[in-house]
Amino acid sequence: MKLLAIGMQHHDHNAAYFDGEKLHYHKFERTKQIKHFEYENRWEIFKDVQELWNFKLDEIDDIVIDYDYATFFQNIDPEFDLTRPEVLFYRIPKKYNPFESFGIKNAWHISHH
C-alpha cells in the first residue's frame, strides 16, 4: 500500500510518502529556501512530490491532506460543515473527491488542529 500525506496549511507546506516499505518526509521550505513557503495550488505540490520520490499519483492508494479549510475545501464539498465532530478526520465523499482524476480513490481531510 502506498500512502501520500500533504500538509497545505497556512505556511510550511510539507509532504510524507509511504512507499510500502519506507516512510519519507519533506518540508518544502528547505529545498525552496523560502521561510514559511507555501504552494499556490495543489497541482504544484503534486508535481514536486512525484519528482522528489519518483512515483505517479495513480500509484497512490490513499491520500490524506491537511489544508486550510477557507482556501481549499469549501469549494470542493458543499456538504462539509466545520461544526460536525468528524471534521478532524473526514473522508471526502467520492462525488467531491478532487483527487480521483489522478486515480486516487480514497481521499481524507485531516485538521492540523
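Definitions and cut-offs
- Each chain has its residues counted from 1, following the order in which its sequence is written.
- Selection of residues for local features in this predicted model requires a pLDDT of at least 70, selection of side-chain atom pairs for listing and counting requires 80 or more, and totals for whole chains, interfaces and linings are taken over all residues.
- Hydrogens and water molecules were not included; the side-chain quantities draw on all heavy atoms of the structure.
- Residues belong to a common nonpolar core when they are buried Ala, Val, Leu, Ile, Met, Phe, Trp, Tyr or Cys residues joined through side-chain atoms within 4.5 Å.
- Whether a residue is buried, partly exposed or exposed follows from its accessible area with a 1.4 Å probe, protein chains only, as a fraction of its type maximum: under 20%, in between, or over 50%, in that order.
- In this description a helix means any DSSP run of H or I spanning at least four residues, a strand means any run of E spanning at least two, and both kinds are numbered starting from the N terminus.
- Here, two residues are considered to be in contact whenever any of their heavy atoms come within 4.5 Å of each other.
- Only Phe, Tyr and Trp rings take part, Trp by its six-membered ring, and two of them pair if their centres are within 6.5 Å. Stacked means planes under 30 degrees apart, edge-to-face means over 60, and tilted covers everything else.
- Multiplying 1.5 Å by the residue count of a helix minus one yields the expected span of that helix.
- Our arc is simply the arc of the directions from the helix axis toward the C-beta atoms.
- We count a salt bridge whenever a side-chain nitrogen from Lys or Arg sits within 4 Å of a carboxyl oxygen from Asp or Glu.

## Digging into the nonpolar core
Part 1 of the argument: Formed by 22 residues in total, the largest nonpolar core has its most connected members in Leu4, Ile6, Ile45, Val49, Phe55, Ile63 and Phe99.
Part 2 of the argument: For this core, the elements supplying multiple residues, two or more each, are β1 (3-8), β2 (14-18), α2 (42-53) and β4 (62-67).
Part 3 of the argument: Take this core: its biggest share by element is four residues, from α2.
Part 4 of the argument: What Ile63 contacts, discounting residues up to four positions off in sequence, is Leu4, Ile6, Phe46, Phe99, Ile104, Asn106, Ala107 and Trp108.

## Quick look at the packing of aromatic side chains
Part 1 of the argument: Enumeration according to the criterion identifies three aromatic pairs in this entry.
Part 2 of the argument: When the ring of Tyr17 is compared with that of Trp53, the centres are 5.8 Å apart and the planes differ by 20 degrees; the resulting orientation is stacked. With Tyr17 in strand β2 and Trp53 in helix α2, this residue pair connects regions lying 36 residues apart in the sequence.
Part 3 of the argument: Taking relative accessible area as the criterion, Tyr17 reaches 3% and is therefore assigned buried.

## Re α2
Part 1 of the argument: Its twelve residues place the ends of α2 17 Å apart at the C-alpha level, agreeing with the 16 Å of an ideal helix rising 1.5 Å per residue.
Part 2 of the argument: Of the positions making up α2, those classed as buried are Arg42, Ile45, Phe46, Asp48, Val49 and Trp53. All buried residues of α2 project into a common sector of 165 degrees when viewed along the axis, lining one side.
Part 3 of the argument: Among the residues trailing α2, Asn54 stands out with phi positive, at a value near 55 degrees.

## As for the pattern of salt bridges
When their charged atoms lie close together, side chains carrying opposite charge are able to pair.
Part 1 of the argument: Evaluated as defined, the whole model comprises six salt bridges.
Part 2 of the argument: The closest approach of N and O atoms between Lys2 and Glu59, which form a salt bridge, is 3.4 Å. Within this pair, whereas Lys2 is found in the segment before β1, its partner Glu59 is found in the loop between α2 and β4, the two being separated by 57 residues in sequence.
Part 3 of the argument: Accessibility expressed as a relative area gives 26% for Lys2, which makes it partly exposed.
Part 4 of the argument: The shortest N-O distance in the salt bridge between Glu51 and Lys47 comes to 3.2 Å.

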